[in-house]
Amino acid sequence: MFGCSQRLYKDIFEPAIQAALFAPGEQCSAAATLGMLYYYMLSHQENSDFVLCRGEVEDVIFSPWLKSLELKGIKFIANRVPTNLTINNDTKCVSEVVCGEEVYDADAFVLATGLSPLQSIIQNR
């Protein structure tokens, strides 16, 4: 891995190699890997949605985006595990999210949770 960090290889190059060449990077020849990198990342940059971030993604993308959403009145509740959902009988939409003893009501909800907590919520219904 001359010329790139371990993290860059693991996060960017290795998944790209596996997706394009259908094999782990250590099983691909240098020529095939370089050819793939040249074709996808260098010669067709204008046709790609692939962009490397200059800086930490958290600082450059997510924090400013969250701040702009908060300025529009969106409230983020972090570090809470949803335990149940309340469904409005008239609209058939979620009207409240229950997190233990706390209940949150809103016009809309986005649950950013993993599969296990979601299964638990469904089983509690």
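Residues numbered from 1 in each chain as written. Predicted model: local features only at pLDDT ≥ 70, side-chain atom pairs only at ≥ 80, totals over all residues. Heavy atoms only, no water.

(A) Focus on the sheet that holds strand E2 (residues 94-99). Reading across from one edge, E1-E2-E3 is the order of the 3 strands in this open sheet, with antiparallel pairing throughout. Strands at the two margins of the open sheet, each flanked by one partner only, are strand E1 (84-87) and strand E3 (102-105). Each neighbouring strand pair of the sheet contributes to a mean axis angle of 25°, computed without reference to strand direction. With 4 bridges joining them, E2 and E3 adopt antiparallel strand pairing. Its bridge partner being in E3, Val-98 is matched across the sheet by Val-103. (Pairing = 2+ DSSP bridges. Helix = DSSP H or I, 4+ residues; strand = E, 2+ residues; numbered from the N terminus. Axes fitted to C-alpha atoms, helices over the stretch in contact; angles between N-to-C directions.)

(B) Summary view of the pairing of E1. With 4 bridges joining them, E1 and E2 adopt antiparallel strand pairing. Considered in E2, the bridge of Leu-85 is made with Val-97. Linking E1 back to E2 in an antiparallel pair, the connection comprises 6 residues, with Lys-92 at a positive phi of about 60°.

(C) Representation of the layout of surface pockets within the structure. Of the volumes computed, that of the largest pocket is approximately 800 Å³. Taken together, 24 residues line the largest pocket, and the ones lying closest to its centre are Lys-75, Phe-76, Ile-77, Val-110 and Leu-111. Those elements giving two or more residues to the lining of the largest pocket turn out to be helix H3 (57-71), E2 and E3. Each residue belonging to the lining of the largest pocket can be placed in one class, and the counts come to 18 nonpolar, 3 polar and 3 charged. (1 Å grid on protein atoms, 1.4 Å probe; cavity = no way out; pocket = protein on both sides within 12 Å on 5 of 7 lines; lining within 4 Å. Points joined across faces, edges and corners; volume = space filled by probe spheres on them. Nonpolar A, V, L, I, M, F, W, Y, C, P; charged D, E, K, R; others polar.)

(D) Just helix H1 (residues 6-21), in detail. Considering bend angle alone, the principal kink of H1 is centred on Phe-13 and spans about 35°; proline Pro-15 follows within four residues of it. All of the buried residues along H1 are Tyr-9, Phe-13, Glu-14, Ala-16 and Ile-17. Directly after H1, the chain includes Phe-22, whose backbone phi takes a positive value near 60°. (Bend = angle between axes of the 7 residues up to and from the residue. Buried < 20%, exposed > 50% of the residue type's maximum accessible area, 1.4 Å probe, protein only.)

(E) Up close: the confidence of the model for the protein chain. For the protein chain, mean pLDDT is 82; residues scoring 70 or higher make up 87% of the total. The secondary-structure element of the protein chain with the lowest mean pLDDT is helix H2 (residues 30-42), recorded at 77, while E3 shows the highest, at 93. (pLDDT = per-residue confidence, 0-100.)

(F) Quick peek at the environment of Thr-33. Relative to the helices and strands, Thr-33 resides in helix H2. The exposure class assigned to Thr-33 is buried, which follows from its relative accessible area of 13%. Along the chain, Thr-33 and Ile-17 lie 16 residues apart, while their C-alpha atoms are 6.7 Å from each other. Once you skip the residues sitting within four places of it in the chain, Thr-33 turns out to touch Ile-17, Leu-21 and Cys-28. A distance of 3.0 Å separates a polar atom in the side chain of Thr-33 from the backbone oxygen of Ser-29. (Contact = heavy atoms within 4.5 Å. Polar contact = N/O pair within 3.5 Å; in protein donor to acceptor, adjacent residues only side chain to side chain.)

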